[in-house]
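Structural features, examined
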Amino acid sequence: MRNVYFGTFVHSLALADLQVLPSAAVGVDEDGTIKFLDTNSRSAEASAEKHSWTAGSYSVVSGDPASVSFFFPGFFDTHIHASQYPNVGLFGKTTLLDWLNNYTFPLESSFADLKIADNVYSRVIARTLSNGTTTAAYYATVHTEGTNLLADLALKAGQRAFIGRCCMDANSPDYYCDKSLEDAQKATLDVIEHITKIDPNHDIVCPILTPRFAASCSKELLCWLGKLSTDTSLPVQTHISENMLEVELVKRMHAFADSYAGVYDMCGLLNDKTILAHAVHLTDDERALIAKRGSGIAHCPASNSALTSGETRVKWLLDAGVKVGLGTDVSGGFTPSILHTARQALLVSRHLSMKGEESHKLSIEEVLYLATVGGAEVCGLANKLGNFLPGKKWDAQLITLDCKNSPVDIFPWELKTPEDLVAKWLFNGDDRNVTKVWVDGNLVAGTAFAS
């Protein structure tokens, strides 16, 4: 049955244009497609009649009229290592390369055990969904069966997911790597075949080619993945310029290119379906190249701070026409919450502005754009997701600020506008405020769903 959603709606129309609609209605058809957005609605029934939806042909879904609630688009997590979830908060005093060897690779290697993989992947999918993440770009491990399991679990849970098997045939521990180029190729193709079997059109789960980062892959593997991306039109995800020691390592290892971005470009891995995580230490020329190729950046402020990697200049990237979304980067990042990541993005931008460049500062409107429309752009899904415009899919969350045990305290006399409520949510909210979550029109998570 079709649904008409009625209440307050908040969504982004442009980078600095956050639209708040206090009384609106959205009509969603049987396959989860938004058919109409009535921005000034008297009632769900009146909007349905206006669009020739007859009584009895739809159901009405609204927030509790006695509560402070609003509908918001589902979040995009453009960079998350599903296998690292047990390590959230564990990084000690390490920086990137030490952290990989001391914390990350030992954990990921254990995912040869499918019981461990099932336990962790089930939890991270449930946790991200409960935080309002309707689309996630996941890194798994090198293990084929475990990666396939992650795809199975995401599809079963109803979460949109890009599923990437990590390719790493160089500069990796002997106990955790691809043993040869041929092994990496076969395992990658096996994962693609499995995901295509369970979701032939890649509507919910989609394989994503995943060279871990340039320093963990031979030139031959990078170029094979680049050709595969060209031949199949599959998306690509990897890391770039996260840490200065990493940048120097890539420079020494891949001297055939004049820059980190140049390595990926010469191997055919920079295109409009490529997600590059971090981009902390890019040069002006690399920024121009990434913009020219149409690749996107997954901004991971929590991880960049936790591992002392640096501060990504988001406005600098946006000013050049580079697409930017947000990534939790679990477990370099210490939370699977994109709302918290948006908060961190705003604060990191203020630290940049304290150094004398006011133009680096991001607003509430801008970080919420990055969390939704920006993420959709980075993932190549802006034509179908990101806001509530007709023709897009109903991937949404119902936010209730005065729910039981809410971390957001509401004092009605101090709130002058609906935008004030959004600000309170951004800085104080968490998963307890996520009452319901829908993907493709289907209710899949939320506190009300769980109860």
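Located above this text is the structure these notes cover.
Everything in this summary refers to the structure shown in the same document. Everything numeric here is computed off the predicted structure, so don't read it as measured data.

This paragraph deals with the packing of aromatic side chains. The final tally for this structure, using the stated rule, is 20 aromatic pairs. Grouped by ring-pair contacts, the aromatic residues Tyr-5, Phe-9, Phe-71, Phe-388, Trp-394 and Trp-438 constitute a single cluster. Positioned above the aromatic ring of Phe-256, the side-chain terminus of Lys-219 is 4.3 Å from the ring centre. The ring of Trp-316 carries the charged tip of Arg-313 above its face, separated from the ring centre by 3.7 Å.

Strand order in the open sheet made by the four strands is β6-β7-β8-β10, with parallel pairing throughout. Only two strands of the sheet have a single neighbouring strand rather than two, namely β6 (75–81) and β10 (205–207). Across the sheet, the mean angle from the axis of one strand to that of its neighbour is 15°, orientation sign disregarded. As paired elements, strand β7 (residues 133–139) and strand β8 (residues 160–164) share five bridges and run parallel to each other. Residue pairing across strands places Ala-137 opposite Phe-162, the latter belonging to β8. In the packing of helix α4 (residues 144–157) onto the sheet, the strands contacted are β7, β8 and β10, and the crossing angle to β8 comes to about 180°.

A word on the sheet that holds strand β14 (residues 296–299). As summarised here, the arrangement of the four strands in space is β12-β13-β14-β15, forming an open sheet in which the pairing is parallel. Two strands lie at the open edges of the sheet, namely β12 (236–240) and β15 (323–326), each paired on one side alone. On average, each strand axis in the sheet is tilted by 30° relative to the strand beside it, whichever way the strands run. Alignment of strand β13 (residues 274–278) against β14, held across three bridges, turns out to be parallel. In the strand pairing of β14, Ile-275 is matched with Gly-296.

Okay, the pairing of strand β2 (residues 17–28) next. Sheet topology places strand β1 (residues 2–14) next to β2; ten bridges connect them, and they run antiparallel. Directly across from Gly-7, in β2, lies its bridge partner Ala-24. Once β1 ends, the chain turns through two residues before running back antiparallel as β2. The pairing of β2 with strand β3 (residues 34–38) spans four bridges and is antiparallel. The partner of Val-28 across the bridge, within β3, is Ile-34. If you look at the hairpin formed by β2 and β3, you'll find five residues sitting between the two strands, and Gly-32 has a positive phi there, around 85°.

This part is about unusual backbone geometry. Here the residue pair Val-330 and Ser-331 is connected by a cis peptide bond, since its omega of 10° sits within 30 degrees of zero. Residue position: Ser-331 is located in the loop between β15 and α12 (338–353). Residue Asn-171 is not a glycine yet carries a positive backbone phi of 50°. Positionally, Asn-171 belongs in the loop between β9 (166–167) and α5 (181–198). A residue is classified by how much of its surface remains accessible, and Asn-171, at 52% relative accessible area, is exposed. Positive phi is not limited to glycine here, since Asp-329 has a value of about 50°. Looking at the secondary structure, you find Asp-329 in the loop between β15 and α12. Of the residues examined, Asp-329 reaches a relative accessible area of 3% and is grouped as buried.

Rules and cut-offs
Residues numbered from 1 in each chain as written. Predicted model: local features only at pLDDT ≥ 70, side-chain atom pairs only at ≥ 80, totals over all residues. Heavy atoms only, no water. Phe/Tyr/Trp six-rings, centres within 6.5 Å; stacked < 30°, edge-to-face > 60°. Lys NZ or Arg CZ within 6 Å of the ring centre and 35° of its normal. Pairing = 2+ DSSP bridges. Helix = DSSP H or I, 4+ residues; strand = E, 2+ residues; numbered from the N terminus. Axes fitted to C-alpha atoms, helices over the stretch in contact; angles between N-to-C directions. Contact = heavy atoms within 4.5 Å. Buried < 20%, exposed > 50% of the residue type's maximum accessible area, 1.4 Å probe, protein only.

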